[in-house]
Amino acid sequence: QLQLVESGGGLVQPGGSLRLSCAASGFTLDYYAIGWFRQAPGKEREGVSCISSSGGSPNYADSVKGRFTISRDNAKNTVYLQMNSLKPEDTAVYYCAASGPRTYYTCSGDVCYDPSCYDYWGQGTQVTVSS
């Protein structure tokens with residue numbers, strides 16, 4: 001069974017940090033680009049960051065640039081999202097998603113931020129930033 005599992009969410013005060021993990025089971029992430037998305041209550045799902053299969057070309061939404069860092073450890077079949085200087089507006093359910101080579105190179109949308117460019121999704125992890 002192909003599965004992505006996020007972990008590392010929780011409650012943190014403004015200015016704090018969290019590191020989210022996205023672990024794959026049933027398949028190897030080596031050939032997949034990975035994206036992180038988030039969805040706050042009453043809002044559409046938005047792309048936060050993405051990284052290519054090789055680990056190069058990380059991309060960040062303007063709202064998180066300079067505060068979030070995406071990385072991957074293919075040996076551990078895991079992708080991370082380090083979140084620093086968290087703000088209340090970062091509160092959301094965070095999802096990771098994997099885009100395989102066929103989808104990645106044929107998707108007509110923005111391969112980083114378009115949810116339709118991804119093949120597999122995790123169940124999400126809640127991040128709450130509040131004092």
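Structure first, text after, so check above.
The following paragraphs examine the structure supplied in this document. Just so it is clear, the model here is predicted, and its values are computed rather than measured.

## Brief notes about the state of the cysteines
Turning to step 1, where the next piece is worked out: Here the structure, examined in full by the defined rule, presents three disulfides.
Turning to step 2, where the next piece is worked out: Between C22 and C96 runs a disulfide, and the two sulfur atoms are separated by 2.1 Å. Its S-S torsion of about 70 degrees marks the bond between C22 and C96 as right-handed, since a negative value means left-handed. On the criterion of sequence distance, the pair formed by C22 in strand β3 (residues 18–25) and C96 in strand β9 (residues 92–99) is long-range, its members being 74 residues apart. Each of the two residues, C22 as well as C96, counts as buried.
Turning to step 3, where the next piece is worked out: The disulfide partner of C50 is C112, and the S-S distance across this bridge is 2.0 Å. As the torsion about the S-S bond is roughly -120 degrees, the C50-C112 disulfide counts as left-handed.

## Some points on the packing of aromatic side chains
Turning to step 1, where the next piece is worked out: A full pass over the atoms with the stated rule returns seven aromatic pairs.
Turning to step 2, where the next piece is worked out: Ring centres 5.2 Å apart and planes at 45 degrees place the aromatic pair F27 and Y120 in the tilted group. Of this pair, F27 sits in the loop between β3 and β4 (33–39) while Y120 sits in strand β10 (residues 120–121); the two residues are 93 residues apart in sequence, bridging distant segments of the chain.
Turning to step 3, where the next piece is worked out: In textbook terms, an aromatic cluster arises when at least three aromatic residues are bridged by ring pairs, as seen for F27, Y32 and Y120.
Turning to step 4, where the next piece is worked out: Looking at R45, its charged tip hangs above the ring of Y95, at a distance of 4.0 Å from the centre.
Turning to step 5, where the next piece is worked out: Positioned above the aromatic ring of W121, the side-chain terminus of R45 is 4.8 Å from the ring centre.

## Focus on the pairing of β4
Turning to step 1, where the next piece is worked out: Of all seven residues in β4, six are buried; the element is thus mostly enclosed.
Turning to step 2, where the next piece is worked out: In terms of strand pairing, β4 meets β9 through seven bridges, oriented antiparallel. Each bridged residue has a counterpart across the sheet, and for A33 the counterpart in β9 is S99.
Turning to step 3, where the next piece is worked out: Of the strand pairs in this sheet, β4 and strand β5 (residues 46–51) are connected by five bridges, and their pairing is antiparallel. Bridge pairing in β5 places F37 opposite G47.
Turning to step 4, where the next piece is worked out: Hairpin connection between β4 and β5: a loop of six residues separates the two successive antiparallel strands, and G42 in this loop has a positive phi of roughly 80 degrees.

Rules used throughout
Residues numbered from 1 in each chain as written. Predicted model: local features only at pLDDT ≥ 70, side-chain atom pairs only at ≥ 80, totals over all residues. Heavy atoms only, no water. Disulfide = S-S within 2.5 Å. Helix = DSSP H or I, 4+ residues; strand = E, 2+ residues; numbered from the N terminus. Buried < 20%, exposed > 50% of the residue type's maximum accessible area, 1.4 Å probe, protein only. Phe/Tyr/Trp six-rings, centres within 6.5 Å; stacked < 30°, edge-to-face > 60°. Lys NZ or Arg CZ within 6 Å of the ring centre and 35° of its normal. Pairing = 2+ DSSP bridges.

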